[in-house]
Amino acid sequence: MSQDTSTRRPLDRRAFVGTAGIAGAAAAAVATPAIAQANPKITWRLTSSYPKSLDTLFGLSTQVARRVSEATDGQFQIQPFAAGEIVPALQALDAVQSGTVECSHSLSSFYIGKDPAFAFDTSLPFGLNTRQTNAWLYHGGGRELIAEFMKGHNVHAIPSGNTGAQMGGWFRKEIKSVNDLKGLKFRIAGLGGTILARLGVVPQQIAGGDIYPSLERGTIDAAEFSGPADDEKLGFQKVAKYYYYPGFWEGCANVSFFVNLDKWNGLPAHYRAIVEAACAEALSHSVAKYDHSNPDALFRLVAAGAELRAFPQDVMQAAFKEAMALYGELAASNANFKKFYDSWLPYWRKEQIWFRVAELPYDAFTSSQVQSR
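Residues numbered from 1 in each chain as written. Predicted model: local features only at pLDDT ≥ 70, side-chain atom pairs only at ≥ 80, totals over all residues. Heavy atoms only, no water.

1. Some details on the sheet that holds strand β4 (residues 155-162)
If you walk across this open sheet you meet the five strands as β2-β1-β3-β10-β4, and the pairing is mixed. What marks the edges here is a single partner per strand, and that holds for β2 (76-81) and β4. Averaged over all adjacent pairs, the angle separating strand axes in this sheet is 25°, with direction ignored. Sheet analysis places strand β3 (residues 103-106) next to strand β10 (residues 254-260), joined by four bridges and oriented antiparallel. When the sheet's bridge partners are listed, serine 104 is paired in β10 with phenylalanine 258. Helix α5 (residues 142-151) contacts β4 and β10 of the sheet and is inclined by roughly 135° relative to β4. Together, β1 (42-48), β2, β4 and β10 form the strand contacts of helix α10 (residues 269-303), whose direction differs from that of β4 by roughly 30°. (Pairing = 2+ DSSP bridges. Helix = DSSP H or I, 4+ residues; strand = E, 2+ residues; numbered from the N terminus. Axes fitted to C-alpha atoms, helices over the stretch in contact; angles between N-to-C directions. Contact = heavy atoms within 4.5 Å.)

2. Topic: the layout of surface pockets
Its volume calculated, the largest pocket comes out at about 1500 Å³. In terms of lining residues, the largest pocket is bounded by 38 residues, among which Ala165, Gln166, Pro246, Gly251 and Asp363 are the most central. Contributions of two or more residues to the lining of the largest pocket are made by α4 (130-139), α10, α11 (313-333), α12 (335-357) and α13 (359-372). If you tally residues by element for the lining of the largest pocket, the top one is α13, at seven residues. Among the residues making up the lining of the largest pocket, the classes are represented as 18 nonpolar, 14 polar and six charged. (1 Å grid on protein atoms, 1.4 Å probe; cavity = no way out; pocket = protein on both sides within 12 Å on 5 of 7 lines; lining within 4 Å. Points joined across faces, edges and corners; volume = space filled by probe spheres on them. Nonpolar A, V, L, I, M, F, W, Y, C, P; charged D, E, K, R; others polar.)

3. Remarks on the side chain of asparagine 254
As for its position among the elements, asparagine 254 is in strand β10. A polar contact of 2.8 Å, which involves the side chain of asparagine 254, links it to the backbone oxygen of aspartate 121. Beyond its immediate sequence surroundings of up to four residues, asparagine 254 is in contact with Leu107, Asp121, Thr122, Leu137, Pro159, Ser160, Gly161 and Asn162. (Polar contact = N/O pair within 3.5 Å; in protein donor to acceptor, adjacent residues only side chain to side chain.)

4. As for the pattern of salt bridges
Under the definition given, this model contains 18 salt bridges. As a salt-bridge pair, arginine 131 and glutamate 359 come within 3.1 Å of each other at their nearest N and O atoms. Taken together, the residues arginine 131 in helix α4 and glutamate 359 in helix α13 connect sequence positions 228 residues apart. Classification of arginine 131 by relative accessible area gives exposed; the value is 51%. Note that aspartate 342 and lysine 338 form a salt bridge whose closest N and O atoms lie 2.8 Å from each other. Here aspartate 342 pairs with lysine 338, and both are found in helix α12, just four residues apart, close to one helical turn. Since its relative accessible area comes to 46%, aspartate 342 is described here as partly exposed. Given a relative accessible area of 38%, lysine 338 falls into the partly exposed group. (Salt bridge = Lys/Arg side-chain N within 4 Å of Asp/Glu carboxyl O. Buried < 20%, exposed > 50% of the residue type's maximum accessible area, 1.4 Å probe, protein only.)

5. Regarding the packing of α4 against α12
Between α4 and α12, the shortest axis-to-axis distance is 11 Å and the interhelical angle comes to 135°. Here α12 runs oblique to α4, going by the angle between their axes. Note that α4 runs across α12; the crossing there is right-handed. In this structure, α4 contributes Arg131, Gln132, Ala135 and Trp136 to the contact, and α12 contributes Phe340, Ser343, Trp344, Tyr347, Glu351, Gln352 and Phe355. Class assignment of the residues belonging to the contact of α4 with α12 gives a composition of six nonpolar, three polar and two charged. (Parallel < 35°, antiparallel > 145°, perpendicular 65-115°, else oblique. Left-handed = near helix turned anticlockwise from the far one by under 90°.)

As far as function goes, none of this settles anything; it's purely spatial.
This is the structure:
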């Protein structure tokens, strides 16, 4: 049946706009609380173990903070602070444990004085390289072991950066044999210092921003930190001549994002997922950035007078022997270390076999071709 439209009133635009406005306001009144409940307003402070001058390492913090904010429409804010602005560099973990700050970026190996098992979250001397470490963490059970261990320290740890293989450091004098290590005052952190101490080195754990003045004044004879990109920024080439490789104590260095365990458990599930994703991205970007930056930095350092030296084979062999002996001793005396080591050691062996088949021969051949040209 047809409908009579002859008496239909024309549309009143003002009435329509007014009605639409009321409806829109009502919808907003419903939607806004729902959004607020889904993305609660949270503000955290992050203390880094690194100065702002180290744009890759400190940059991990600014990158994670930015991504978390973007993914939550600004509702979850993380404010990064450089080493020393809230607590000293080597107290970043303690600040998270106590709740002084909610989170931090640091190396677990800085804290082996609490328990040598902390080293597994960073790297072990002569251990897994960056790719192998990520494989162990994400697919070999490493993260599960670390989560269980860190729970006892009131912390949740997330892989959030990696330096790749590091250099062996800056020395005032040449190291021609293992005998030249005796009495050497060397800035080195983690189990690498423990191992070298067994060869006569006097290890010194000094925060990154304090290394240069110690080396300049002669308080220490040598110092290692990271690789060319970071070392150049810290200026070590100005006070030490010989630049050694490889940094066998850090075939990589996994940087962790530490979160106070109560704060982590108190986050909504999707906020935790966002933080995990932001840290995974920061990890990937940091490796790429170091691989991009280190070659040019090395060329500049050599042009400025740095003399590259490989550690003598007797140093490498003696250090490797002491490393394996130390791990056996720690596994026998420390239940936490043993639990990690029982997982890590067979994984290390398996990865070395695989890399010898494909990765290392490829790298060795392509490297030799570059040198020949």
